[in-house]
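# Coordinate inspection notes
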Amino acid sequence: MPDLSRRTALLSLGGAALTGTLALAGAAPAVAAPSAQPNRAITVYLVRHGRTWLNQTGRIQGWSDSPLTDAGRATAEAVGRNLAAEIGGFDAAYSADMMRHFETASGILSAAGSSLTPTRVAGLREVAYGGWEGEKQSTAFPQLAAAGPLDTLAHIIDAFVASNPDKSLAAETWAQVAARMKDALTAAATDRTLPMRNGGSILAVSSGMSITCLLESLGATVDGAMENGAVNKLRYARGSWTVLSVNDTSYAG
């Protein structure tokens, strides 16, 4: 399959997942049939984007977007240098389809000495927070607490749905986010055209809450907030995902 066709397929999968999310459908989006060699193991380095303008001003940033700060760009470059020193390079690279994700992935690849250009995939976006997008976190959280318990990430994200101040702007549940993240990464890992020059290593850049939703759905425990530039290492083999490391900030130093 030509590279353009592969990218189109991945973007279509992400778009289909988001269409289902916007409709707030109960069922998870369908997963494309795996096409990879069955015994091949793929390693995904799933990275949270660098610090952004909206991070710095304490605003809720889901499907809304903002550029990286100078510190955010420096983090991306550090992650790229340190990952390249450890693994050599990447065989493919993906990012969510927003500015902050693409800018982070591009910075990582440039610092790693890679000629890859990240493929933008909508399925790797941050959680959609509906009418809470762009609001101050300090404004939202008292109303979230009134909507239900906030003792787990699933409860927190579902509280955004319950307290959404503008129902015309769809907000996502924990389950919907975990499903589309898994679909997007499975599509990347099962791409039969993926070269194996660097052991099947894939870079993927997403956001903190959506990464945590995915990791929890795969049985991992995430202690504390997912940090900007944190690296999470996952392995895909024989149709199953294994989480190897979580919220590793050592590459960003």
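Residues numbered from 1 in each chain as written. Predicted model: local features only at pLDDT ≥ 70, side-chain atom pairs only at ≥ 80, totals over all residues. Heavy atoms only, no water.

### A word on the pairing of strand β1 (residues 42-48)
The buried count for β1 comes to 7 of 7 residues, which makes it a mostly enclosed element. Residues Ile42, Val44, Leu46 and Arg48 line one face of β1 and the alternating positions Thr43, Tyr45 and Val47 line the opposite face, and both faces are buried. As judged from the 6 bridges shared by β1 and strand β4 (residues 201-206), these two strands associate in the parallel manner. Its bridge partner lying in β4, Val47 is registered against Val205. (Buried < 20%, exposed > 50% of the residue type's maximum accessible area, 1.4 Å probe, protein only. Helix = DSSP H or I, 4+ residues; strand = E, 2+ residues; numbered from the N terminus. Pairing = 2+ DSSP bridges.)

### Section: the sheet that holds β1
If you trace the 6 strands from one edge of the open sheet to the other, you get β3-β2-β4-β1-β5-β6, paired in mixed fashion. Only two strands of the sheet have a single partner each, and these edge strands are β3 (119-120) and β6 (240-248). With 6 bridges connecting them, strand β5 (residues 231-237) and β6 associate as antiparallel partners. Of the residues in β6, the one forming a bridge with Arg235 is Thr242. Against the sheet, helix α8 (residues 208-217) engages β1, β4, β5 and β6, with an angle of about 140° to β1. (Contact = heavy atoms within 4.5 Å. Axes fitted to C-alpha atoms, helices over the stretch in contact; angles between N-to-C directions.)

Just distances and angles here, no functional claims.
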